[in-house]
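Residue-level structure breakdown
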Amino acid sequence: MDGGSGNDDIFDSILMADERFRGEGYREGFERGTRRGLQTGRKHGATHGAKLSAEISFYYGFAITWKCLLQHNTDAKSRKRMKTLEALLDLTQNPHFDDPRAERLQEEVEKLRAKFRQGCRGVEPIPAAFVQEAGFTLDRSPVHLRTNT
């Protein structure tokens, strides 16, 4: 009888080892996947944050440049353009752009893009060439850098 009890213990330890290794494998795989997911997420966030930052900086530079070019013009049309450019500058300074978790970030970016398109209409035809040279597009989607440079 003593021999049967020893065999049961060995058999039980083999069955328990299978369950234990399966559990350890799951935990190890989960931890590794979590780390890899966080690394990928950080990289993805940094890439998109950099693109958004470049886009906002472009709008800021555009508005400053045109504001300097139009500052000595006193006609009504130029004053209206200056107002639009000042509104564009104000939007580029939006504090929501500093917080990637801001709930209204996408809305604020869309407002900025719309104001930029409005600013381009006010100072046509030069901005289209200016924008194209900089490597940006003016469609409704986010501004993308050209890939065929």
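One can find the structure itself at the top, above this paragraph.
Description of the structure in this document.

Okay, the nonpolar core next. Of all hydrophobic cores here, the largest spans 21 residues; its most connected members are Phe62, Leu88, Leu112 and Phe116. When contributions to this core are tallied by element, the ones reaching two or more residues are α1 (2-70), α2 (76-92) and α3 (105-122). It is α1 that contributes the most residues to this core, eight residues altogether.

What follows concerns the packing of aromatic side chains. Scanning all chains against the criterion turns up five aromatic pairs. With a centroid separation of 5.7 Å and 70° between ring planes, the pair formed by Phe58 and Phe116 is classed as edge-to-face. Placement of the pair is Phe58 in helix α1 and Phe116 in helix α3, with a sequence separation of 58 residues. For Phe116, a relative accessible area of 2% translates into the label buried. Ring-pair connections join several aromatic residues into one group, and the members of that group are Phe58, Tyr59, Phe62 and Phe116.

Turning our eyes to something else, we now look at α2. In this model α2 runs 25 Å from its N-terminal to its C-terminal C-alpha over 17 residues, within 8% of the 24 Å that 1.5 Å per residue would give. Residues Ser78, Met82, Thr84, Leu85, Leu88, Leu89, Leu91 and Thr92 constitute the buried set of α2.

As a further point, take the pattern of salt bridges. A complete count under the given rule lists nine salt bridges for this structure. The partner of Arg20 in a salt bridge is Glu24, with the nearest N and O atoms 3.6 Å apart. One end of the pair is Arg20 and the other is Glu24, both in helix α1 and four residues apart, which spans about a single turn. Since its relative accessible area comes to 46%, Arg20 is described here as partly exposed.

Time to look at the packing of α2 against α3. Contact geometry of α2 with α3 gives a least axis separation of 9 Å together with a crossing angle of 155°. Judged on the interaxial angle alone, α3 and α2 are roughly antiparallel. Between α2 and α3 lies a crossing of left-handed hand. In contact with Arg81, Thr84, Ala87, Leu88, Leu91 and Thr92 of α2, α3 contributes Lys111, Leu112, Lys115, Phe116, Gln118, Gly119 and Gly122. Taken together, the residues that form the contact of α2 with α3 break down as five nonpolar, five polar and three charged.

Rules used throughout
- Residues numbered from 1 in each chain as written.
- Predicted model: local features only at pLDDT ≥ 70, side-chain atom pairs only at ≥ 80, totals over all residues.
- Heavy atoms only, no water.
- Core = buried A, V, L, I, M, F, W, Y, C linked by side-chain atoms within 4.5 Å.
- Buried < 20%, exposed > 50% of the residue type's maximum accessible area, 1.4 Å probe, protein only.
- Helix = DSSP H or I, 4+ residues; strand = E, 2+ residues; numbered from the N terminus.
- Phe/Tyr/Trp six-rings, centres within 6.5 Å; stacked < 30°, edge-to-face > 60°.
- Expected span 1.5 Å × (residues − 1).
- Salt bridge = Lys/Arg side-chain N within 4 Å of Asp/Glu carboxyl O.
- Axes fitted to C-alpha atoms, helices over the stretch in contact; angles between N-to-C directions.
- Parallel < 35°, antiparallel > 145°, perpendicular 65-115°, else oblique.
- Left-handed = near helix turned anticlockwise from the far one by under 90°.
- Contact = heavy atoms within 4.5 Å.
- Nonpolar A, V, L, I, M, F, W, Y, C, P; charged D, E, K, R; others polar.

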